[in-house]
Amino acid sequence: GGTPAARRPPSAAAAAAAADAAAGAPLTLTVGGVRIRVGRNRRQNEALTFGTAAAGDVWLHARGVPGSHVLVRATGDGGGGGGGGGGGGAPPEEGAWLPTAAGLAAYFSGARGSTAVPVDVTAAGNVRRPAAGGRGRALGSVAFASAKRVRTVVGRPGDVQAAAEAALAAVG
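Let me begin by describing the structure that accompanies this report. On a predicted model such as this, the values are computed, not experimentally measured, just so you know.

The next thing to look at is the nonpolar core. By size, the foremost hydrophobic cluster in this structure holds 28 residues, and its most contacted members are Ile36, Val38, Leu60, Val72, Trp97 and Leu104. Put simply, the parts of the chain that give this core at least two residues each are strand 1 (27–31), strand 2 (34–38), strand 3 (58–62), strand 4 (70–72), helix 3 (97–107), strand 5 (117–123) and helix 4 (157–171). Residue contacts for leucine 60: discarding those within four places in its chain leaves Ser68, His69, Val70, Val72, Leu98, Ala101, Ala102, Ala105, Val119, Asp120 and Val121. Listed in part, the six residues of the second largest apolar core include Leu48, Trp59, Leu71 and Ala124.

Structure representation (structure tokens):
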């Protein structure tokens, strides 16, 4: 016996999956001609980091807290249509996009209320799925192939709040 599946309350995992599916596509912003994509949930983070990213793209995430994966498209990859990894290209020249991307990583994280948040920055090719433990790995969790290739910058959530809210409003 047991309760029929149709009458069971949804599990926490099922509820989280439904919330993820309802969140739509990653946010996309353009700063100084550079495209910045922001995953808004575990499934989008997973797809962005392990599906969309090319090895030379720049990947950002607030350090030590749950949050969005932020991807900055490498230059010279054929325009960055958003498909699979492709051949990659050179990381975009640093400019206005870096504080914006770091701010977005901080804004869309568990540290949103802080004024300054440490944000890890590395090439997307340095980001790996962690080895599965006894119970598997959490969707969207990552590890770095080389910690030496990760640097930390300061993300300021308040500096990007208006841009983040405008991007959210644009996608509904």
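Turning to the packing of helix 3 against helix 4, a few remarks are in order. Two elements in contact, helix 3 and helix 4, have axes separated by 8 Å at closest approach and are oriented at 85 degrees. Judged on the interaxial angle alone, helix 4 and helix 3 are roughly perpendicular. Seen from helix 3, the contacting residues are Pro99, Thr100, Gly103, Leu104, Ala106 and Tyr107; seen from helix 4, they are Pro157, Val160, Gln161, Ala164 and Glu165. Classifying every residue of the contact of helix 3 with helix 4 by side-chain character gives seven nonpolar, three polar and one charged.

Scanning the model with the defined rule gives four salt bridges in all. Note that arginine 129 is salt-bridged to glutamate 46, the shortest N-O span being 3.0 Å. Placement of arginine 129 in the loop between strand 6 (127–128) and strand 7 (143–144) and of glutamate 46 in helix 2 (residues 42–52) is noted, with a sequence separation of 83 residues between them. In this structure, arginine 73 engages aspartate 57 in a salt bridge whose closest nitrogen and oxygen atoms are separated by 3.1 Å. Of this pair, arginine 73 sits in the loop between strand 4 and helix 3 while aspartate 57 sits in the loop between helix 2 and strand 3, and the two are 16 residues apart along the sequence. One exposure class covers both arginine 73 and aspartate 57, and it is buried.

Conventions and cut-offs
- Here, residues in each chain are numbered from 1, in the same order as that chain's written sequence.
- Per-residue local features are limited, in this predicted model, to residues with pLDDT of at least 70; the limit for side-chain atom pairs, both in listing and counting, is 80 or more; totals at the level of whole chains, interfaces and linings are taken over all residues.
- In computing side-chain values, all of the structure's heavy atoms are included and hydrogens and water are not.
- Only buried residues count toward a nonpolar core, which is a set of Ala, Val, Leu, Ile, Met, Phe, Trp, Tyr and Cys residues joined through side-chain atoms within 4.5 Å.
- Accessible area is worked out with a 1.4 Å probe on protein chains only. A residue is then buried under 20% of its type maximum, exposed over 50%, and partly exposed in between.
- Starting at the N terminus, helices and strands are each numbered in turn, a helix being any DSSP run of H or I of at least four residues and a strand any DSSP run of E of at least two.
- Whether two residues are in contact is decided by their heavy atoms, any of which lying within 4.5 Å being enough.
- Here an angle of 0 to 180 degrees is reported between the N-to-C directions of two axes, which are lines fitted to C-alpha atoms, with helices fitted over the stretch in contact.
- An angle counts as roughly parallel when it lies under 35 degrees, as roughly antiparallel when it exceeds 145, as roughly perpendicular when it falls between 65 and 115, and as oblique in every other case.
- Gly counts as polar in this scheme, as do all residues outside two lists: the nonpolar Ala, Val, Leu, Ile, Met, Phe, Trp, Tyr, Cys and Pro, and the charged Asp, Glu, Lys and Arg.
- The salt bridge definition used is simple: a Lys or Arg side-chain nitrogen within 4 Å of an Asp or Glu carboxyl oxygen.

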